Amino acid sequence: MRLLDADFAKGFIRMCNDGWEQGWHERNGGNLSYRVKPEEVEMVKEDFTPGDWQPTGIKVPGLAREYFLVTGSGKYFRNVIINPEDSMGMIELDDTGERYRIVWGLADGGRPTSELPTHLMNHEVKKMATGGAYRVIYHAHTPNIIALTFVLPLKDEVFTRELWEMATECPVVFPAGVGVVPWMVPGGREIAIETSRLMKEYDVAIWAHHGIFAAGVDFDSTFGLMHTVEKAAEILVKVLSIQKTKLQTIQPDDFRKLAKEFGVTLPEKFLYE
Ligand code: 13P
Ligand code: ZN
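Here's what I pulled together on the structure shown here. Each residue is numbered by its place in its chain's sequence as written, counting from 1. Chain letters and ligand numbers both follow the written order, the letters beginning at A and the numbers at 1. Residues qualify for local features only when their pLDDT is at least 70, as the model is predicted, and side-chain atom pairs are given and counted only at 80 or more; totals for whole chains, interfaces and linings, by contrast, use all residues. Hydrogens and waters are ignored; side-chain quantities use all the structure's heavy atoms.

1. Structural notes on the coordination of the zinc ion (ligand 2)
A four-donor tetrahedral metal ideally has 109.5 degree angles, and a six-donor octahedral metal ideally has angles of 90 or 180 degrees. For the record, the criterion: Coordinating donors are taken to be N, O and S atoms lying within 2.8 Å of the metal, or within 3.2 Å when the metal is Na, K or Ca; because water is excluded from the atom set, some sites may appear incomplete. Partly exposed residues are those whose accessible area sits between 20% and 50% of the maximum for their type, while under 20% is buried and over 50% is exposed, using a 1.4 Å probe and protein chains only.
At this site the zinc ion (ligand 2) is bound by H139 (NE2), H141 (NE2) and H210 (NE2), with donor distances of 2.1 Å. Mapping the donors of the zinc ion (ligand 2) onto the primary sequence gives the spacing H-x1-H-x68-H. In this structure, H139 and H141 share a single accessibility class: buried.

2. Side note on the site of ligand 1
So the rule is basically this: When we say a residue is near a molecule or strand, we mean one of its heavy atoms is within 4 Å of it. Under this definition, polar contacts are N or O atom pairs within 3.5 Å; protein pairs additionally need one hydrogen-donor-capable and one acceptor-capable atom, and for neighbouring residues in sequence, both atoms have to be side-chain atoms. Reported accessibility uses the Shrake-Rupley method at a 1.4 Å probe radius. Residues are deemed covered only where the shown protein chains occlude them. For this classification, Asp, Glu, Lys and Arg are treated as charged, while Ala, Val, Leu, Ile, Met, Phe, Trp, Tyr, Cys and Pro are nonpolar and the rest, including Gly, are polar.
Taken together, 13 residues surround ligand 1, and among them N28, G74, T113, S114 and E115 come closest. Contacts to ligand 1 include N28, whose side-chain N or O atom sits 2.8 Å from an oxygen atom. Separating an oxygen atom of ligand 1 from a backbone N or O atom of G74 is a distance of 2.7 Å. For ligand 1, whose unbound accessible area comes to 310 Å², protein coverage reaches 92%. Across the shell around ligand 1, the residue classes break down as no nonpolar, 12 polar and 1 charged.

3. Quick look at the pattern of salt bridges
Where we set the bar: For salt bridges, the criterion is a side-chain nitrogen of Lys or Arg within 4 Å of an Asp or Glu carboxyl oxygen. Only DSSP runs of H or I reaching four residues or more are called helices, and only runs of E reaching two or more are called strands; each is numbered from the N terminus.
Evaluation of the coordinates by the stated rule reveals 19 salt bridges. A salt bridge links K127 to E66; its shortest N-O distance comes to 2.7 Å. Here K127 is found in helix α5 (residues 116-129), whereas its partner E66 is found in the loop between β2 (54-55) and β3 (67-71), with 61 residues between them in sequence. When the shortest N-O distance is used, the salt bridge between D94 and R99 registers 3.0 Å.

4. Comments concerning the packing of aromatic side chains
Going by this rule: By convention, a stacked pair of Phe, Tyr or Trp rings (six-membered ring in the case of Trp) has centres within 6.5 Å and planes under 30 degrees apart, an edge-to-face pair has planes over 60 apart, and any other such pair is tilted. Only Lys NZ and Arg CZ are tested; either one counts as a charge over a ring when it is within 6 Å of the ring centre and within 35 degrees of the ring normal.
Using the criterion set out here, one finds 10 aromatic pairs in the structure. A centroid spacing of 5.8 Å and a plane angle of 25° characterise the contact between F48 and Y67, whose relative ring orientation is stacked. Of the two residues, F48 sits in the loop between α2 (38-44) and β2 while Y67 sits in strand β3, which places them 19 residues apart along the sequence. The class for F48 is buried, based on a relative accessible area of 14%. With relative accessibility at 14%, the residue Y67 sits in the buried group. Pairing W164 with F255 gives two aromatic rings, centres 5.7 Å apart and planes at 50°, and the pair type is tilted. With W164 in helix α7 (residues 156-166) and F255 in helix α11 (residues 252-262), this pair connects stretches of sequence that are 91 residues apart. Across this residue pair, the class does not change: W164 and F255 are buried. These aromatic residues form a ring-pair network of at least three members: F8, F12, Y34 and F219. Here the basic side chain of R161 rests over the ring of Y272, its NZ or CZ set 4.9 Å away from the ring centre.

Given below as structure tokens:
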């Protein structure tokens, strides 16, 4: 079948458009990747025209021979829905996990996202940590989280606790918390190493003064995670805009009760007094 008729491709395109509609993808901001299931690759294989092997700039042996649907570098999320063959592509990794080739899309010399190193290293970490369950890595330029990286200390403990306090569902949606990467040059190996180090522990890595990386099993849960984190950040921005201190909030013991009721584990390092 044609790749664009497959459900996973439709889900990918819908997620790109949903992110655009949220206002998270100015110009070419943000990128998305999906680790394609072997049976999905089989389904659309007849649509492939493999290009030349290229270096990824990193080594991800844990992803050797895997296929990924990715957005293109410099491509606008706004255009994915009207011109998917140009805006996105399918890539295949070689036996060593050091090279890739485009097998579909990214027409007319397009390239995978410049954040491919971070996407692939996050995929490798998550594949290992979840027995292959996680398949989606999503990067968005979420304005409220970005705003908070100018006024909160860039510490996992502070961001996690502040976001958890903003909506009762937050600790249930991201019980492991969120990690924070200090400002770094994007698009390379170093920021990929730093981000994937955090992804061993969290599903969310905040890039100071830049945006968020989120990881999940499928498009719904990964988009939902990004949405929940950014909405909590929006509430915090509103609170801080009204006054500097909270009159009341959810307390450490409240979180412990919540954890018990909802069957989640909340690390004590976030429940400081
Ligand atoms: P790409 O257009 O290369 O995906 O880059 C966008 C971006 O958000 C970089 O961090
Ligand atoms: Zn970015």
